[in-house]
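# Structure at a glance
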Amino acid sequence: MKREIPLFLTAVIGAIVLAGFFVPHPYVSVPADYLQRCAVIVVAFGYALGGANLVQVNLEGILRRHPDWPYKLVLLAGMGVTLVFGLFVDRAKFQDPGTVSLWIYDHVYVPMNSTMFALLALFIASAAFRAFRVRSAEAALLAVSALVVMIGRVPLGDAVMAGVFDHPGLPEWMRHLRLEPLQQWIMDWPQNAAKRAILIGAAMGVMATGLRVILGIERSYLGGSD
Amino acid sequence: MALSALERIDRRWIFLVVGLLVLVPLLWPIGLPVVPTTPVRQYHDAIAAIPDGSTVLMSCDYDPASTPELAPMTETSLRQLWDKRCKVVVTVLWNGGAAVVDQSIEKVADEYRARGVPLVDGVDYVNLGYKSGNEAVMVLMGQGIASAFPRDQRGRVTTQLPIMRTVTDYSSFPMLVNISAGYPGTKEWVQQVNSRFHLPMVSGCTAVSAPEFFPYLQSGQLRGLLGGMAGAAEYEVLRKERGAATSGMDAQSMAHLFIALCIVAGNVVHWTRRRAGASA
């Protein structure tokens, strides 16, 4: 019964929500709407579950003195301090100006979050030098497209092109060579065609997986081996 | 000799060059010309076509990591909407984003107040804050905006706010302006709301996610698209503003050019080594 009841609930709920998309009759739409409201509550419980998991995993690491245990300690301390101020000191006003919670957000969370993302620029530059190797004709095509789009998307690209080709000695057609229209063509046609194929393929996969879940064929979400 | 030195280069030198190439143009702007592209013009024109005084839904789905890219387009969009005397209902579907979005809203609202336009929170605009649930929230909003967001960012009861008196569900809005950094974002709004509730929408997104949305633009599901800081800068040019995105384009240009040079230099080293290996 441990597997049959979840499978039954999944099938019934999935079928009702799916039918609610196509059938506007209240017999179908009202329970479908109710179930979707429930989904929001279930997702919110995910935060509580995630918090408990975070404490469990990191506390174990600290107690067993894993090599990176001081970082885990900082993580748990940060979580504890933020929670205490949010739940017991600032309460419902925790997002208002002047609160400790907003101070933590503005002066700790925002800079750290931005820094992590900003570091990407440095690693992309390093990876571009060390890892982007043209070893085949396809890779060469990819590299040329990437260079055209990367330089054509920014104003400097056209400024450089104008500097190189805007010379009275060059033929007229050459003097109008610009990267921006070329990168727009790559984005509008080859890129769009490939992206659309991926989107349609992924959508078909999602539909197939959804049906397999509703029909009880796909059971991996229950955990275990089958 | 030079190539072998290039091959053994410490990556910290690359980091230093990137840092300088970004920092120097931010301190001393070059002022490269920014020319608006078609998707950006479409975004601008779609908002311009909204009837003056309408109430518009704006979902700002990002967090501090994407703020340099997305806050400028959020602010310019707010200016265009408020210039048309539109009321703006803002939602956030990213858990770390409600406060940075709030700062952008208040920054632009303060600009208007300083010019003598009395924008009032709860009357001319409202930030409904963050709600967990991703696509489920989008569908729930179709049943009622207030039932999905019973309280706003400041904890006020949504139904008691003057701006919400005329707002029931998606049919209350002529357009959705979505500013998106990833999941949940533009793709989910198109799939769950645009196709299901037929709410016209425009999108401003990070540069890395823009290619994913071009099919939606071509199919007409998106009325306009701003891709990354470049899109935001072009939008500022169309609006005759000189904001953070335009200032940042010089730095971004230099970084793009350097990364392109890194790709070329890396491959020159690679080919030279291969040729030397083959001839040995």
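Residues numbered from 1 in each chain as written. Chains lettered and ligands numbered in written order. Predicted model: local features only at pLDDT ≥ 70, side-chain atom pairs only at ≥ 80, totals over all residues.

This part takes up the overall build of chain A. The helix and strand inventory of chain A stands at nine helices and zero strands. In chain A, the succession of helices and strands from N to C terminus is α-α-α-α-α-α-α-α-α. Taken over the C-alpha trace, chain A has a radius of gyration of 27 Å; the compact-globule value for 226 residues is 17 Å, which it surpasses by more than 25%. Here chain A, with 226 residues, has 10% of them falling under the buried criterion. (Helix = DSSP H or I, 4+ residues; strand = E, 2+ residues; numbered from the N terminus. Rg over C-alpha atoms; globule rule 2.2 N^0.38 Å. Buried ≥ 20, exposed ≤ 12 C-beta atoms within 10 Å, placed from the backbone.)

This next bit is on the packing of helix α2 (residues 26-63) of chain A against helix α6 (residues 135-143) of chain B. Running from N to C, α2(A) and α6(B) cross one another at 140°; their axes reach a closest spacing of 9 Å. As far as their axial angle goes, α6(B) and α2(A) are oblique. Considering the relative orientation of α2(A) and α6(B), their crossing is left-handed. Contacts from Asp33(A), Gln36(A), Arg37(A), Ala39(A), Val40(A) and Val43(A) in α2(A) reach Ala136(B), Val137(B), Val139(B), Leu140(B) and Gln143(B) in α6(B). Along the lines of polarity and charge, the residues of the contact of α2(A) with α6(B) split into seven nonpolar, two polar and two charged. (Axes fitted to C-alpha atoms, helices over the stretch in contact; angles between N-to-C directions. Parallel < 35°, antiparallel > 145°, perpendicular 65-115°, else oblique. Left-handed = near helix turned anticlockwise from the far one by under 90°. Contact = placed C-beta atoms within 7 Å. Nonpolar A, V, L, I, M, F, W, Y, C, P; charged D, E, K, R; others polar.)

Bringing the interface of chain B and chain A into the picture now. Taken residue by residue, the interface counts 48 residues in chain B and 48 residues in chain A. Looking at the side of chain B that touches chain A, the elements that each hand over two or more residues are α2 (11-27), α5 (98-114), α6, α9 (210-219) and α11 (244-279) of chain B. If you tally residues by element for the side of chain B that touches chain A, the top one is α11(B), at 16 residues. Its residues assigned to classes, the side of chain B that touches chain A comprises 29 nonpolar, 15 polar and four charged.

This paragraph deals with unusual backbone geometry. Residue and element names in this part refer to chain B. Each neighbour pair has its own omega, and for Tyr183 with Pro184 the value is -10°, a cis peptide bond. In this fold, Pro184 is placed in the loop between β4 (176-180) and α8 (186-197). Not every positive phi belongs to a glycine, and Asn134 is a case in point at roughly 50°. Looking at the element boundaries, Asn134 is found in the loop between β3 (125-130) and α6. Residue Asn134 is classed as partly exposed on the basis of its C-beta count, with 19 C-beta atoms lying within 10 Å. Unlike most non-glycine residues, Lys240 shows phi in positive territory, near 60°.

Our focus in this paragraph is the packing of α2(A) against helix α3 (residues 69-89) of chain A. Residues and elements named next belong to chain A. Between α2 and α3, the least distance of the axes is 9 Å, while the angle of their chain directions is 140°. By the angle class used here, α2 and α3 are oblique. Note that α2 runs across α3; the crossing there is left-handed. Facing Leu54, Val55, Asn58, Leu59, Gly61 and Ile62 of α2, the residues of α3 in contact are Trp69, Lys72, Leu73, Leu75, Leu76 and Met79. Its residues assigned to classes, the contact of α2 with α3 shows nine nonpolar, two polar and one charged.

Bringing the pairing of strand β1 (residues 55-61) of chain B into the picture now. Residues and elements named next belong to chain B. Extensive coverage of β1 is indicated by the burial of seven of its seven residues. Burial of the side chains of β1 extends over both faces: Thr55, Leu57, Ser59 and Asp61 are buried on one face and Val56, Met58 and Cys60 on the other. Bridge count between β1 and strand β2 (residues 87-92): five bridges; the pairing is parallel. Following the sheet pairing, Thr55 is matched in β2 by Lys87. Note on the crossover from β1 through helix α4 (residues 67-83) to β2: the handedness is right-handed. Pairing of β1 with β4, which is carried by five bridges, proceeds in the parallel orientation. In the strand pairing of β4, Cys60 is matched with Ile179. (Pairing = 2+ DSSP bridges. Right-handed = clockwise from strand over helix to strand, strands pointing away.)

Residues and elements named next belong to chain A. This chain's UniProt record puts "transmembrane region" (unreviewed entry) on residues 7-28, 34-57, 69-89, 109-129, 141-165 and 197-215. Helix makes up 86% of residues 7-28 and strand 0%, whereas the separation of the span's terminal C-alpha atoms amounts to 21 Å. Secondary structure content for residues 109-129 is 100% helix and 0% strand, and the end C-alpha separation is 32 Å. (UniProt positions renumbered as here; feature names shortened; annotations may be inferred.)

This part covers the pairing of strand β6 (residues 222-227) of chain B. Of all the six residues making up β6(B), six are buried; the element is thus mostly covered by neighbouring parts of the structure. Remark: the strand β5 (residues 201-205) of chain B/α9(B)/β6(B) crossover connection has right-handed handedness.

This brings us to the domain arrangement of chain B. Taken domain by domain, chain B holds domain 1 (2-27 + 255-279) and domain 2 (38-242). For domain 1 of chain B and domain 2 of chain B, the distance between their C-alpha centroids amounts to 40 Å. (Domains from an automatic or database assignment.)

Turning to the UniProt feature "transmembrane region" (unreviewed entry) in chain B, a few remarks are in order. Those residues carrying the UniProt feature "transmembrane region" (unreviewed entry) are residues 12-31 of chain B in this numbering. Note that residues 12-31 of chain B is 80% helix and 0% strand, and that its end C-alpha atoms are spaced 29 Å apart.

This part takes up the sheet that holds β5(B). Hydrogen bonds between backbone atoms are what pair the strands of a sheet, whose relative direction is either parallel or antiparallel. All names here are of chain B. Taken together, six strands build an open sheet; the order of strands is β3-β2-β1-β4-β5-β6 and the sheet is parallel. Of all the strands in the sheet, the pair left with one neighbour each is β3 and β6. Across the sheet, the mean angle separating the axes of adjacent strands is 15° when strand polarity is ignored.

Residues and elements named next belong to chain B. Core analysis: the largest hydrophobic core is formed by 95 residues, its most contacted members being Val56, Val88, Val89, Val90 and Leu176. Sort the elements by how many residues they give to this core and α11 lands first, with 10 residues. Two domains each put at least three residues into this core: domain 1 (2-27 + 255-279) and domain 2 (38-242). Among all residues touching Leu176, those that are not within four sequence positions of it are Leu57, Ser59, Trp189, Val193, Leu199 and Met201. (Core = buried A, V, L, I, M, F, W, Y, C linked by C-beta atoms within 7 Å.)

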